Amino acid sequence: MRGHDWINTCLPDELIVEIFRLLDSKPSRDACSLVCKRWLALERLSRTTLRVGATGSPDLFIKLLARRFFNVRNVHIDERLSITLPVQLGRRRGNNYNVVSSLQLYATEKDGPEDVGFESCSLSDAGLIALGDGFPKLEKLSLIWCSNISSSGLIALANKCSFLTALDLQGCYVGDHGLAAVGQSCKQLEDLNLRFCEALTDTGLVELALGCGNSLKALGIAACAKITDVSLEAVGRHCKSLETLSLDSEFMHNKGVLAVAHGCPSLKVLKLQCINVTDEALKAVGTSCASLEFLALYSFQRFTDKGLRSIGNGCKKLKDLTVSDCYFLSDKGLEAIATGCKELTHLTVNGCHNIGTLGLEFIGKSCSLLTELTLLYCQRIGNRALLEIGLGCKLLQALDLVDCSSIGDEAICFIAKGCRNLKKLHIRRCYEVGNRGIKAVGENCKSLTDLSLRFCDRVGDEALVAIGKCNSLQRLNVSGCHQIGDAGIIAIARGCPQLTYLDVSVLQNLGDMAMAELGEGCSNLKEIVLSHCRQITDVGLSHLVKNCTLLECCHMVYCPGISSSGVATVVSSCPNIKKLLVEKTKVSQRTKRRAGSIISYLCVDLI
């Protein structure tokens, strides 16, 4: 019946709340909350997660959030994320009063003006107390770089939030007493991140391990100079269920890692950046941690093939291996991994200068389940390595090559013909890669969605014409490929309608014709980088944005053909634009008034 509210009449609160929970986006839920007061209240009940950036008065902000959202389980506060202050003073047209944010007005009405106090811009212990009082059912809490909180606030929070399962204290200057209180009160804690918690010592972490060691499954420690092997020994004794350890420390030695390896047989993820850890520790991991699936080793100066051989012999379930700046590793180490770890799916080799073609050949011959391969600064790995990868790793979906000077077209052809499921190909500063290799990718890898060819001087229009046949392509970066001009980008525009990201910066031969074709063929485009493109003018830009109304981000610095008129065209034609990077001199006062909050400047005035 017209005019009758069947939904509110017939549906109970519980069903409407469940419908809200099934909505897949925050804008949709926000829109529903505006329908009526009942829906607003019920939608607030359905919210379980809050994310907060830097605010003018975070303590007050937390109190206001607690009054509105009662069922919140997850709170993420990251003070690195800068947002507009909650008080914005300005003049409304036609009125003689200042506009004050609704946050300040609400606080003034409820608490009186003496409590507004926007002098603090960082969460304090009062904010932590408000968190504990307002969200007693809290399960996950992230406090990223909240430098003003201390043990007092953490103790108050821990006493109220006994259901806490995950706590991230990255960059927080909390002390041992606070961490000990978490161990005593939060017996269900599973995930703890202590990166850059410089005030902590072994005392706090030992107390935490004693208190909630039975539940702890993930621990991260970095740049904590006062945390030593004593803490890891306590973890090894009390945290038998530990599955993930991330450790970055100059003060850890074999003793601590040995304790964890022997005491935590369920360990699945191990990330180490410890210059004083040697092969002895890795041998223990290989012997005791048969469930290990992810291993990352960074900047090891006292670690050789012996340690990696132990991993290959003992960790048969290893799926993901990263070795970075491990100068004493050689092909023999990779041979041990290839021989022993048949389930390997991800491999990253970064700056290990003694690993060459032979090591990768072993991987290609033995690791048929490999889906992702990253080779960074590997000067000794040549074409034949990727021949074996192409022959043996048919499931490969992602390949990333950076500064691999011995890899050229022949290698890329091997990959293209052998790994037809390839979806992501990133190549940067591999100067031997040219049109022949990229053409083979376009002809064979029809599932390609992400292609980056940064500063590959030999790649030109001929290659992009072939890539234009990959109609599933969504992301393309050809920054610095000087031989690419209008013909190549036009082929992309006509053949890749799903394109959402495009970087064509520093292409001196690219002009307005390509921009017009992109506007016609790539209406899904959301991000584009046009910086240092000297041939693009306001005319081409207007054709581009005419149909690309979904555009959210545009970089166009050092484009002499684009003027303030072109900048205004982007702002007026793209209702979804969130970031516009341009020279300050090209932004008119009218454009600044209309879209000042989304404009970023590469150059600022010198004072």
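Residues numbered from 1 in each chain as written. Predicted model: local features only at pLDDT ≥ 70, side-chain atom pairs only at ≥ 80, totals over all residues. Heavy atoms only, no water.

An account of the pairing of strand 9 (residues 294–298) is requested, with residue identities and associated values reported.
Along a regular strand, successive side chains alternate from one face of the sheet to the other. Pairing between strand 8 (residues 269–273) and strand 9: four bridges, direction parallel. Paired with Leu 272 across the strands is Leu 297, a residue of strand 9. With helix 13 (residues 279–288) bridging strand 8 and its parallel neighbour strand 9, the resulting β-α-β unit is right-handed. Summarising the sheet, strand 9 and strand 10 (residues 320–324) pair through five bridges and their orientation is parallel. Paired with Phe 294 across the bridge in strand 10 is Asp 320. (Pairing = 2+ DSSP bridges. Helix = DSSP H or I, 4+ residues; strand = E, 2+ residues; numbered from the N terminus. Right-handed = clockwise from strand over helix to strand, strands pointing away.)

Requested: an account of the side chain of Asn 254, with residues and values cited.
Relative to the assigned elements, Asn 254 resides in helix 12 (residues 254–263). In this structure the side chain of Asn 254 is engaged in a polar contact, spanning 3.4 Å, whose partner is the side chain of Glu 280. (Polar contact = N/O pair within 3.5 Å; in protein donor to acceptor, adjacent residues only side chain to side chain.)

With reference to specific residues and values, describe the UniProt feature "domain: F-box/LRR-repeat protein 15-like leucin rich repeat" (unreviewed entry) in the protein.
In the numbering used here, UniProt assigns the feature "domain: F-box/LRR-repeat protein 15-like leucin rich repeat" (unreviewed entry) to residues 137–254 and 443–582. Span residues 137–254 is 36% helix and 19% strand, its end C-alpha atoms 40 Å apart. Between the C-alpha atoms that bound residues 443–582 the distance is 37 Å, and the span itself is 35% helix and 15% strand. (UniProt positions renumbered as here; feature names shortened; annotations may be inferred.)

Explain helix 11 (residues 229–238) to me, and be specific about the residues and the numbers.
For helix 11, every residue scored as buried is listed here: Asp 229, Ser 231, Leu 232, Ala 234, Val 235 and Gly 236. Contacts made by the buried residues of helix 11 are with helix 10 (202–212), strand 6 (218–222), strand 7 (244–248) and helix 12. (Buried < 20%, exposed > 50% of the residue type's maximum accessible area, 1.4 Å probe, protein only. Contact = heavy atoms within 4.5 Å.)

Tell me about the pattern of salt bridges, residues and numbers included.
Applying the stated criterion to the full structure yields 12 salt bridges. Residue Arg 384 pairs with Glu 388 through a salt bridge whose shortest N-O separation is 4.0 Å. Of the two residues, Arg 384 and Glu 388 both sit in helix 17 (residues 383–392), four residues apart, roughly one turn of that helix. For Arg 384, a relative accessible area of 48% corresponds to the partly exposed category. Judged by its relative accessible area of 10%, Glu 388 is buried. Here the salt bridges do not stand alone but share partners, grouping Asp 409, Glu 432 and Arg 458 into one network. (Salt bridge = Lys/Arg side-chain N within 4 Å of Asp/Glu carboxyl O.)

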